[in-house]
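Chain residues, written in single-letter form:
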Amino acid sequence: LETLSLRMQAHSANAQRLAEWLVDQAAVNAVHYPGLARHPQYELAARQQRLPGGIVAFEVDGGRAAAWRVIDATRMLSITANLGDTKTTITHPATTTHGRLGQDERAAAGITDGLVRVAVGLEAFEDIREDLARGLA
């Protein structure tokens with residue numbers, strides 16, 4: 001708890017850089033992160049939070065198969081639905097955290113088959129980027 005403020009600053013800084021990088025990737029259709037000015041709730045998040053947080057979600061072309069290619073290509077990121085760890089984790093919400101919902105319920109919640117969620121950790125940003133780049137190439 002004593003280091004939570006410092007860790008959240010590092011999580012948010014890495015997540016912001018990752019979101020900005022993902023926006024420019026050809027295989028990525030959308031990036032969901034409240035620290036991006038294009039996010040529909042950017043202004044609300046800026047008013048309510050000091051930092052936009054460490055969770056970045058993005059959608060890839062090709063649905064579930066493409067999402068799993070990205071996830072499976074990672075070597076450093078931990079494949080788990082866990083959030084808030086010091087290490088970066090990656091998951092496919094449609095088959096993990098939201099797997100019990102029907103297709104219509106997932107669609108209503110914005111959980112597409114191509115959605116990938118990353119809980120950005122404290123590693124060097126370049127290492128996180130390089131790990132994800134393998135699956136987006």
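Because the structure is predicted, anything quoted here is derived from the model rather than measured.

Turning our attention to the packing of helix α1 (residues 4-23) against helix α5 (residues 125-136). Between α1 and α5, the shortest axis-to-axis distance is 10 Å and the interhelical angle comes to 30 degrees. For α1 against α5, the interelement crossing comes out right-handed. Along the contact surface, α1 presents Asn-14, Arg-17, Leu-18, Trp-21 and Leu-22, while α5 presents Phe-125, Glu-126, Ile-128, Arg-129, Leu-132, Ala-133 and Leu-136. Its residues placed into classes, the contact of α1 with α5 shows eight nonpolar, one polar and three charged.

Here we take up α5. The terminal C-alpha atoms of α5, which comprises twelve residues, lie 16 Å apart, in line with the 16 Å expected from a rise of 1.5 Å per residue. Residues of α5 that are buried make contact with α1, β1 (28-32), β2 (55-60), α3 (63-73), β4 (89-91) and β5 (115-119).

A separate point is the nonpolar core. A general tendency of soluble globular proteins is for nonpolar side chains to be buried together. The biggest cluster of nonpolar side chains holds 25 residues, and the ones touching the most others in it are Leu-18, Leu-22, Phe-58, Val-118 and Leu-132. Mapped onto this core, the elements with two or more residues apiece are α1, β1, β2, α3, β5 and α5. If you tally residues by element for this core, the top one is α1, at five residues. Not counting residues within four places of it along the chain, the set of residues in contact with Leu-132 comprises Leu-18, Trp-21, Phe-58, Val-70, Thr-74, Leu-77, Ile-90 and Val-118.

Relative to the 28 Å expected for 20 residues at 1.5 Å per residue, α1 spans 28 Å between its end C-alpha atoms, a close match to the ideal helical length. Tucked into the core, α1 has its buried residues touching β1, β2, β5 and α5.

If you walk across this open sheet you meet the five strands as β1-β2-β5-β4-β3, and the pairing is mixed. Two strands lie at the open edges of the sheet, namely β1 and β3 (78-79), each paired on one side alone. Examined bridge by bridge, β4 and β5 share three bridges and lie antiparallel to one another. Among the inter-strand pairings, Thr-91 is bridged to a residue of β5, identified as Arg-117. Where α3 meets the sheet, it contacts β2, β3, β4 and β5, and its direction lies at approximately 130 degrees from that of β2.

Our next topic: the pairing of β5. Put simply, side chains in a regular strand alternate between the two faces of the sheet. Here β5 lies mainly inside the structure; five of its five residues are buried. Because side chains alternate across β5, one face comprises the buried residues Leu-115, Arg-117 and Ala-119, and the other comprises Val-116 and Val-118, equally buried. By the bridge criterion, five bridges tie β2 to β5 in an arrangement that is antiparallel. From the neighbouring strand, Ala-57 faces β5, where its bridge partner is Arg-117.

Conventions and cut-offs
Residues numbered from 1 in each chain as written. Predicted model: local features only at pLDDT ≥ 70, side-chain atom pairs only at ≥ 80, totals over all residues. Heavy atoms only, no water. Axes fitted to C-alpha atoms, helices over the stretch in contact; angles between N-to-C directions. Helix = DSSP H or I, 4+ residues; strand = E, 2+ residues; numbered from the N terminus. Left-handed = near helix turned anticlockwise from the far one by under 90°. Contact = heavy atoms within 4.5 Å. Nonpolar A, V, L, I, M, F, W, Y, C, P; charged D, E, K, R; others polar. Expected span 1.5 Å × (residues − 1). Core = buried A, V, L, I, M, F, W, Y, C linked by side-chain atoms within 4.5 Å. Buried < 20%, exposed > 50% of the residue type's maximum accessible area, 1.4 Å probe, protein only. Pairing = 2+ DSSP bridges.

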